Amino acid sequence: MLTGKHLIAGNWVGGEATFKSQPAHGPQRDFAIGTAQQVDAASVAAEEAFRSYGYSARGERAALLNAIADEIDARGDAITEIGTQETGLPEARLVGERGRTTGQLRLFASHILKGDYLDRRHDEALPDRQPLPRPDIKLVQRPVGPVAVFGASNFPLAFSTAGGDTASALAAGCPVVVKGHPAHPGTAEIVAQAIDAAVKRCGINPGVFSLVQSNGIEVGQALVTHPLVRAVGFTGSLGAGRALFDLCAQRPEPIPFFGELGSTNPMFLLPEALKRRGGEIARGWAGSLTMGAGQYCTNPGIVVAIAGDDAEVFAEAARAAVEPVGAQTMLTDGIASAYRRGRDRVAATSGVRELLTSTCNLRNATPYLFRVSGKDWLANHVLGEEVFGPLGLIVTVADFDEMLGVARSLQGQLTCTIHLDQADMSAGQALMPILERKAGRILANGYPTGVEVCDAMVHGGPYPASTNFGATSVGAMAIRRFLRPVAYQNMPVDLLPGDLR
């Protein structure tokens, strides 16, 4: 079923240079390396498609989203087979992620049919108003144009070829050019085949979707700097995301870069909750921390608790819960190497003590637990940097004031969590104004792994969690990223967009 080629406006196109996939198991495969010329061809085709797709009816776009979901489901076994080979993720995880991906597509289809996302407004003319009359003004959200999307390493389906960025851009009326992630190029191609089949089935201009594969940086650079690309969706590391963000800002005409760059997702354990159910919270944290080898952007890597006997009970319960977790295969050799470097960085920081050590090598990850005082945390900002993997750090603060100080010191986060009981309510009220400024999602008595795809979800936060704190990459509001408001003054009905007539 695999061609090893790029999909550019309905045509499968190869090239002279190729790269080999690096699967966790199974055969290596050759894939074409994209060029700037192929990025240009895909972008030009996307702009041409926008002339019709950007002005299509919501029903047509909803039909496309549902057709893509159907075509992905029809290829479910093939996607699961190659996805497990390329990523090392278990079959159940891939099946669940496929359901999340198709469910997201269908949710967006339903959402745009309702029309609420258009934020339509109308100020009727007041011709007799003094001292000046008011014109008739209508407002509606309009698609921005072609969008570049970068596949994510840790979610080969839900955040990649047909994931949230692609789905929300297509829902908004924007053609998409995807830069496939080299960690799972075969998975990307099969999903692209599904999208191509849906586009043809719905009779839509094939330039509405293209996939360009690459294992280097040239394709990504060409995409974000192409003058026809109007916005970028990205999920990945802080370093890569910041480099692309800077390229977008340096363009002659800067464009928005919607980057989701990771987070440490701290959990704050308030005294009464820690006393009454510290062991239970510790076991829940251990499960969330080590799930999927810790390769989630919402992985809760940091816990903050007030020093004392209850914190000691929590630390021991966490150690006991994490210790039996064995080695897990990481998504790529590079991610595994970065995890070990992060482990070494934390272990070498002044004041850090080991609670649980292990040995991992090659593409495997084993869990680690460390502990540090609040004073040493505040003195070493390196401890606030994300370690992508199953590594946990317990910060024991002297008192609640120091806990507030740790909260204030945080960089932007995707999530922050408070564990509290009724007796902790006043402390929780003191924390909330700080955490609201630090995170896009705040949880009570839960664990941040598992991001619900729904209308009210926010998956984003202040920098460096994301590059645009007013946006989300998950949930129906994600569509808003690829729209802009346009006002129409005294406009004849025949010239208005269909959604305003």
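None of these values were measured; they are calculated from a predicted model. (Residues numbered from 1 in each chain as written. Predicted model: local features only at pLDDT ≥ 70, side-chain atom pairs only at ≥ 80, totals over all residues. Heavy atoms only, no water.)

With that settled, the discussion passes to the environment of Lys200. Mapped onto the secondary structure, Lys200 falls in helix α6 (residues 185-202). On the basis of relative accessibility, which here comes to 51%, the residue Lys200 falls in the exposed class. Linking Lys200 and Gly10, residues 190 residues apart in sequence, is a C-alpha distance of 8.2 Å. (Helix = DSSP H or I, 4+ residues; strand = E, 2+ residues; numbered from the N terminus. Buried < 20%, exposed > 50% of the residue type's maximum accessible area, 1.4 Å probe, protein only.)

A word on the sheet that holds strand β15 (residues 353-356). Strand order in this open sheet of 7 strands is β15-β17-β18-β13-β12-β19-β20, and the pairing throughout is mixed. Each edge of the open sheet is held by one strand with a lone partner, namely β15 and β20 (439-444). For this sheet, the mean angle separating the axes of adjacent strands, direction not counted, is 20 degrees. Direction of pairing for strand β12 (residues 267-269) relative to strand β19 (residues 413-419): parallel, over a ladder of 3 bridges. Across the sheet, Met267 pairs through a bridge with Thr417, a residue of β19. Running over the sheet, helix α11 (residues 333-347) touches β17 (368-373) and β18 (391-397) and is turned about 30 degrees from β17. (Pairing = 2+ DSSP bridges. Axes fitted to C-alpha atoms, helices over the stretch in contact; angles between N-to-C directions. Contact = heavy atoms within 4.5 Å.)

Sheet strands pair by backbone hydrogen bonding; their relative direction is either parallel or antiparallel. Strand order in the open sheet formed by 3 strands is β5-β6-β21, and the pairing between neighbours is antiparallel. Pairing within the sheet leaves two strands with one partner each, and these edge strands are β5 (121-123) and β21 (483-489). Across this sheet, the average inter-strand angle for adjacent strands is 25 degrees, counted without regard to direction. As paired elements, strand β6 (residues 137-143) and β21 share 7 bridges and run antiparallel to each other. By the bridge assignment, Val140 is partnered in β21 with Val486.

Right, let's talk about the pattern of salt bridges for a bit. Enumeration over the complete set of coordinates arrives at 23 salt bridges. When the shortest N-O distance is used, the salt bridge between Asp246 and Arg242 registers 2.8 Å. Placement of the pair is Asp246 and Arg242 together in helix α8 (residues 238-250), with a separation of 4 residues, close to one helical turn. One salt bridge connects Arg319 with Glu316, and the closest N-O pair in it is separated by 2.8 Å. Of this pair, Arg319 and Glu316 both sit in helix α10 (residues 309-322), 3 residues apart, which is roughly one turn of that helix. Salt bridges sharing common partners tie together Asp70, Glu71, Asp73, Arg75, Arg98, Arg106 and Arg201. (Salt bridge = Lys/Arg side-chain N within 4 Å of Asp/Glu carboxyl O.)

What follows is about helix α7 (residues 218-225). Every buried residue of α7 is accounted for by Val219, Gly220, Ala222, Leu223 and Val224. Those residues of α7 hidden inside the fold are in contact with α1 (36-53), β7 (147-150), β8 (176-179), β9 (209-212), β10 (231-235) and α8.

A general tendency of soluble globular proteins is for nonpolar side chains to be buried together. Of all hydrophobic cores here, the largest spans 93 residues; its most connected members are Phe209, Trp377, Val395 and Leu431. For this core, the element with the highest residue contribution is α6, accounting for 8 residues. Apart from residues lying up to four places away in sequence, Val395 is in contact with Ile302, Val303, Val304, Ala305, Val372, Ser373, Gly374, Trp377 and Val406. Ala46, Val219, Phe234 and Cys248 belong to the second-largest nonpolar core, a separate cluster that totals 22 residues. (Core = buried A, V, L, I, M, F, W, Y, C linked by side-chain atoms within 4.5 Å.)

With that settled, the discussion passes to the pairing of β9. Burial along β9 is two-sided: the residues Phe209 and Leu211 and Ser210 and Val212 are all buried. For strand β1 (residues 6-8) and β9, the ladder comprises 2 bridges, and the chain directions are antiparallel. Bridging across to β9, Ile8 finds its partner in Ser210. Pairing analysis gives 4 bridges linking β8 to β9, with the strands arranged parallel. Note on β9: the bridge partner recorded for Val178 is Leu211. Taking the sense of rotation as the criterion, the β-α-β connection linking β8, α6 and β9 turns out right-handed. (Right-handed = clockwise from strand over helix to strand, strands pointing away.)

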